[in-house]
Amino acid sequence: MNVAIMGYGTIGSGVAEILEKNQEQIIRSAGQDVALKYVLDLRDFPDSPVADKVIHDFKIIEEDADVQVVVETMGGLNPSYPFVKACLLAGKHVVTSNKALVAAHGTELLEIARKKQLNFLFEASVGGGIPIIRPLYRCLAGEEIREITGILNGTTNYILTKMDKEGASFENALKEAQALGYAEQNPEADVEGHDTCRKIAILTAMAAGREVDYQEIHTEGITRITDMDFRYADKLGASVKLFGTSRIDGGKAQACVVPVMTGKAHPLYAVSDVYNGILVKGNMLGTSMFYGSGAGKLPTASAVVADIIEAVQNQDHNVPMGWTGEKLSIGSMDEMEYRYFVRVSGHQAESEAQVTQRFGSAEFLSLDGADEFAFLTGKMKEADFKEKAIAFDAPFQTAHKKGILQMIRAEL
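For the structure given in this document, a descriptive report is provided here. (Residues numbered from 1 in each chain as written. Predicted model: local features only at pLDDT ≥ 70, side-chain atom pairs only at ≥ 80, totals over all residues. Heavy atoms only, no water.)

## With respect to the nonpolar core
Membership of the largest hydrophobic core comes to 117 residues, with the highest contact counts inside it found for Ile61, Phe120, Phe122, Ile133 and Ile308. Broken down by element, the residue count for this core peaks at eight residues, all from helix H12 (residues 297-313). Once residues within four sequence positions are removed from consideration, Phe120 is found in contact with Val84, Val94, Thr96, Leu101, Val102, Gly106, Leu109, Leu110, Ala113 and Met321. In terms of nonpolar packing, the next biggest core, distinct from the first, is built from 24 residues, Ile151, Val271, Phe385 and Met407 among them. (Core = buried A, V, L, I, M, F, W, Y, C linked by side-chain atoms within 4.5 Å. Buried < 20%, exposed > 50% of the residue type's maximum accessible area, 1.4 Å probe, protein only. Helix = DSSP H or I, 4+ residues; strand = E, 2+ residues; numbered from the N terminus. Contact = heavy atoms within 4.5 Å.)

This is how it looks when you write it as structure tokens:
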């Protein structure tokens, strides 16, 4: 079976490396030889092991009947989307690590693959090297998935870990992540939660078997999280993580991407640095957890190669997986339930009665020398919290004071 790689960046070069170094293992698993025939890129790589395979014209791959599997590791949507669609229409299996492509066009590409008895596989699009897509459609095929919650972005988890363990500011932790190559020079997709949003959309669609519009998922990033938040979290024996969460009930899902203050009893509390962790709750199995390297050249490329092997093993038929064009309804964020950590300007003694009046029973916290305090509410719906917060904050705003300084949802 001949393979072509489109995009010889970090992941694409990792795929080529694994195809060479693990050739014997791949042959045993696939049942036949898997050979790299082309590498499509705008650049030349004269000193690389694939120098003689580099091409610059996509049509060569599209029109070569000897290429049966195409790997897309270019990222983005253009030209990834038209290239991938053309490959499927030309009768080639496609493997991708591109979560933006899967989230935006997965429904269409999966349908083309089904009609043509091909496979469109994307294990590496979520969780890097962590097996999560395949377990959902194979190992957990008999489960009714009720909830998926994950730390799905290694960059944001690294930044939050630095802030937690070393007291770093968001800005300094981001600079360090960029210096180490964990964060892009434009880190918006990571720190604003967009990357996590696409990944939880894909996982939700896999679990429900229906299309999910990632643009309907309430998404917040970590840019407003401060070192003060972690000082309070420390007093609670907690930390702050960026969670992508989906709670599925029949034909509807509640889904969001938000920072969450979580305690040591939570299985995801200990997931730190650039690692990812994903909790899956089934109606029969209960809770299972997937943990490992959520990014990186070889871990992600390993997941891509596993998909190549699956395509080779199923070269003559479509593997039932993914989702249909029937749309899954995404409920309003107002219906999500959390506890709420709230920081307020002023002195606790002066405002404690107001907090209790508006929010009911609450747990209060203070820091030495700080002209503010914090409290932790009981569990309530987002809509209820908003209503109570507006009523509580109104007197502060009227008096031109700061009032509520911060709100972080909590699972404590």
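## As for the pattern of salt bridges
Under the definition given, this model contains 30 salt bridges. Residues Arg43 and Asp41 are paired through a salt bridge, measuring 2.9 Å at the closest nitrogen-oxygen approach. Residue Glu62 pairs with Lys59 through a salt bridge whose shortest N-O separation is 3.1 Å. Taken together, the residues Glu62 and Lys59, both in helix H3 (residues 58-63) and three residues apart, mark about one turn of the helix. (Salt bridge = Lys/Arg side-chain N within 4 Å of Asp/Glu carboxyl O.)

## As for the sheet that holds strand S1 (residues 2-6)
Pairing is parallel in the open sheet, where six strands are placed in the order S3-S2-S1-S4-S5-S6. The sheet is open, and its two borders are formed by strand S3 (54-55) and strand S6 (120-121), each paired with just one other strand. Note: strand S5 (residues 93-96) against S6, two bridges, orientation parallel. Residue pairing for S6: Val95 is matched across the bridge by Leu121. (Pairing = 2+ DSSP bridges.)

## Quick word on the pairing of strand S18 (residues 372-376)
Two faces make up the sheet, and in a regular strand the side chains alternate between them. Counting buried residues in S18 gives five out of five residues, a clear majority hidden from the surface. Residues of S18 alternate between two faces, with Glu372, Ala374 and Leu376 on one and Phe373 and Phe375 on the opposite face, all of them buried. Two strands pair when backbone bridges link them, and strand S16 (residues 337-345) and S18 are joined in this way by five bridges, in the antiparallel orientation. Within S18, the residue paired with Ser345 across the bridge is Glu372.

## Regarding the packing of helix H4 (residues 80-89) against helix H5 (residues 99-115)
Between H4 and H5, the least distance of the axes is 10 Å, while the angle of their chain directions is 10°. Considered as vectors, H4 and H5 are oriented roughly parallel to each other. Classified by chirality, the crossing of H5 by H4 is right-handed. Every residue of H5 that contacts H4 at Ser80, Tyr81, Val84, Lys85, Leu88 and Leu89 is listed here: Leu101, His105, Glu108, Leu109, Ile112 and Ala113. Among the residues making up the contact of H4 with H5, the classes are represented as eight nonpolar, two polar and two charged. (Axes fitted to C-alpha atoms, helices over the stretch in contact; angles between N-to-C directions. Parallel < 35°, antiparallel > 145°, perpendicular 65-115°, else oblique. Left-handed = near helix turned anticlockwise from the far one by under 90°. Nonpolar A, V, L, I, M, F, W, Y, C, P; charged D, E, K, R; others polar.)

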